[in-house]
Amino acid sequence: MTRAKKILNDPRRVVEEMVEGLELANDGRVVRVPGHAALVRRDIPGGKVALLIGGGSGHEPLFHGFIGHNLADGAACGQVFAAPAPDIIHAAARAVHRGRGILFLYGNYAGDNMNFDIAADLLGDDGIEVRTVRVRDDVAAAPPERVHDRRGIAGDILMIKIVGGAAAVHESLDEVERIARKAEANVRTIGVAVTAGSLPETGRPTFVLADDEIEVGMGAHGEAGVRRQKITTADAVADQMVGALLADLPFARGDEIALVINNFGATTMMEMLIVNRRVRQILAGAGIGVHRTHIGTWLTVQEMAGFSITFMRLDDELRRFLDMPCDSFGFQRM
Amino acid sequence: MKGALDGEGTRALLQAAAAAILSGVDRLTEADMATGDGDHGIGMRRGFEAAVAALSGLEAPSPALALKAVGTAVMASTGGAAGAVFGTWFRAGARPLEGQGTLDGAGLATFLETGLEAVCRRGGAAEGQKTMIDALAPAARAARAAAGAGLGPALAAAAAAAGAGAEATRAMLATTGKARSLGERSRGHIDPGALSVTLILGAMRDHLGAG
């Protein structure tokens, strides 16, 4: 098998060198926690409820590119597609804590769950209060009655936006946790894989998909989806994906949503806009309004081609936090 | 075969286990490519390279200190589910051995049983879900059954049981972790975490047999 074509130095130092580059890309607004693959805001206000995010690297700009004003206060970076170790999370958490507790927000994967839980135990020993909200938006991963088996994918983007806003405004960890749980209960995502990404350290693809095949529902690391099928039109793929999303919550006539179409890495903006056209036709037919549309590249899987569609049902409170201005390397709103 | 090891002996035993992981990286990668995202081998390499360094840095270790040093290094350096699971195994398993000058058959059984219990609690997983628990649990039972005969026989029994347990994961359906979503496609492949348990215990048995 040939090695994927990437411009790297030492493949075993990709995370280290990426963190160094990301710190510099923040022009001083975000700094590294000394000795750790963790980044934190420089100007976290005193008395603020802290929001700590994190997960495996290789998905840039998620997670560590979402640190900034009205977004996350810090992020713990794991190796590529692997959860950060407890030491990294613990160090990042101590660096963002401002006396009002910390909300851990991350995707629901066995590795992340265990490592963040171990870190939460360590912080408990330090006398720091931690609450945990796991994003479980991937409808293809498990049926609704087994939501604990669902992975976190591009729903992370809206979750960090909304919870980042809530943590900037509310002084109580209880309130921030309540809003996070409400947002999480209302967010749904489904992805489609077109071609695989690869692991920088081995150069090997994370899954194998034939040249004429796509897989609807595939996860961000090549986890199997709903169905492997022959490649078809944008409209047919959008119909399948939106159908699965609408049926799941379920979204209903009169609902207003936030929409995200997220590029896994190598899909063109042109393709995503063509998909968006069809998504909006279906939503209009279903009587569902779109409050904000986000189309871009946020949760990537290296050079994987494919995209995901995310819907979050909004109420007045969630809309307020979604609309707040924010700034970070990976996500900005005026 | 030896009936027990002191702290220095335990350190050498663990260095042999780490060497087996480091030379098995490609096998672990291949196994994880089949059911996961292919990073188990490189994660375990990071963890056990750190374990080798930690073991070398210990001054006059007890068996518990040597085991804990491996667990702490693996937990801090591996990352992912593997770091939490293998780090928890060694760290929790070392705890009841604190204050003991030697590692014997009963000590090995206690290390495996206590580690297993902590891993199951941390991961919310049990036997039969196609994870490293399917190798560790039978190993702990076999070690306890052979504990009275000394460390050598207990390790031999544990390694054999781990190997059989890992082999049995081929027929299992993954119901936890990233491989869960593969459903039926996860069948036919050995679980990479179970394979790692087998490499570790097998290398310990071989080290003791050779020494």
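Residues numbered from 1 in each chain as written. Chains lettered and ligands numbered in written order. Predicted model: local features only at pLDDT ≥ 70, side-chain atom pairs only at ≥ 80, totals over all residues. Heavy atoms only, no water.

Engineer: I would appreciate a short explanation of the sheet that holds strand β9 (residues 227-230) of chain A in the present structure.
Structural biologist: Strand pairing in a sheet is mediated by backbone hydrogen bonds. Such pairs are either parallel or antiparallel. Residue and element names in this part refer to chain A. In space, the six strands of this open sheet follow the order β9-β8-β7-β12-β10-β11, with mixed pairing throughout. A strand with exactly one partner marks an edge of an open sheet, and here the two such strands are β9 and β11 (289-296). Across the sheet, the axes of successive neighbouring strands diverge by a mean angle of 15 degrees, strand direction being ignored. Here strand β7 (residues 187-195) runs beside strand β12 (residues 305-313); their pairing, made up of eight bridges, is antiparallel. Residue pairing in the sheet places Val187 in a bridge with Met312 of β12. Contacts between helix α4 (residues 155-169) and the sheet are confined to β7, β10 (256-263), β11 and β12, with β12 contributing the most and set at about 45 degrees to the helix. Seen against the sheet, helix α8 (residues 316-323) touches β10, β11 and β12 and runs at an angle of roughly 35 degrees to β11. (Pairing = 2+ DSSP bridges. Helix = DSSP H or I, 4+ residues; strand = E, 2+ residues; numbered from the N terminus. Axes fitted to C-alpha atoms, helices over the stretch in contact; angles between N-to-C directions. Contact = heavy atoms within 4.5 Å.)

Engineer: Is there a simple way to think about the interface of chain A and chain B in this case?
Structural biologist: Many descriptions give the size of an interface as the accessible area lost when the pieces come together. In this assembly, 31 residues from chain A lie in contact with 27 residues from chain B. Of the roughly 2,500 Å² buried between chain A and chain B on both sides combined, carbon and sulfur atoms contribute 54%. Taken together, chain A and chain B are joined by five salt bridges. Between B:Arg46 and A:Glu201 there is a salt bridge; the shortest N-O distance is 3.9 Å. (Buried area = accessible area lost by both parts, 1.4 Å probe. Salt bridge = Lys/Arg side-chain N within 4 Å of Asp/Glu carboxyl O.)

Engineer: Honestly, the packing of helix α5 (residues 173-185) of chain A against α8(A) in this entry has me stumped. Any pointers?
Structural biologist: Two packed helices can be described by the angle between their axes and the distance between those axes. Residues and elements named next belong to chain A. Packing of α5 against α8 leaves a shortest axis separation of 11 Å and a crossing angle of 100 degrees. Comparing their axes, α8 and α5 come out roughly perpendicular. Residue-level inspection shows Arg178, Ile179, Lys182 and Ala183 of α5 in contact with α8, the latter providing Glu317, Leu318 and Phe321. For the contact of α5 with α8, the class distribution of residues is four nonpolar, no polar and three charged. (Parallel < 35°, antiparallel > 145°, perpendicular 65-115°, else oblique. Nonpolar A, V, L, I, M, F, W, Y, C, P; charged D, E, K, R; others polar.)

Engineer: Can you help me understand helix α1 (residues 14-25) of chain A in this one?
Structural biologist: Since one α-helical turn is 3.6 residues long, residues separated by three or four positions face the same way. Residues and elements named next belong to chain A. With twelve residues, α1 ought to run about 16 Å at 1.5 Å a step, and its terminal C-alpha atoms sit 16 Å apart, in line with that. Along α1, the residues that are buried comprise Val14, Val15, Val19 and Leu22. Each buried residue of α1 sits inside an arc of 125 degrees when the element is viewed along its axis, so together they form one side. Residues of α1 that are buried in the fold lie against β1 (30-32), β2 (38-41), β3 (50-57) and β4 (74-80). Looking one or two residues past α1, Asp27 carries a phi angle of roughly 50 degrees, positive in sign. (Expected span 1.5 Å × (residues − 1). Buried < 20%, exposed > 50% of the residue type's maximum accessible area, 1.4 Å probe, protein only. Arc of directions from axis to C-beta.)

Engineer: Got a minute to help me understand helix α8 (residues 151-168) of chain B in this structure?
Structural biologist: End to end, α8(B) covers 25 Å across 18 residues, agreeing with the expected 26 Å (1.5 Å per residue, within 8%). All of the buried residues along α8(B) are B:Leu151, B:Gly152, B:Ala154, B:Leu155, B:Ala158, B:Ala159, B:Ala161, B:Ala162, B:Gly165 and B:Ala166.

Engineer: I tried to follow the pattern of salt bridges on my own but got confused; where do I start?
Structural biologist: Where charged atoms from two side chains of opposite charge approach closely, those side chains can pair. Counting across every chain of the model gives 42 salt bridges over all chains. Residues A:Lys48 and A:Asp73 are paired through a salt bridge, measuring 2.7 Å at the closest nitrogen-oxygen approach. Placement of A:Lys48 in the loop between β2 and β3 and of A:Asp73 in the loop between β3 and β4 is noted, with a sequence separation of 25 residues between them. We classify A:Lys48 as buried; its relative accessible area is 8%. Judged by relative accessible area, which is 0%, A:Asp73 ranks as buried. Within this structure, A:Arg12, A:Glu201, B:Arg45, B:Arg46 and B:Glu49 form a network of salt bridges that share partners.

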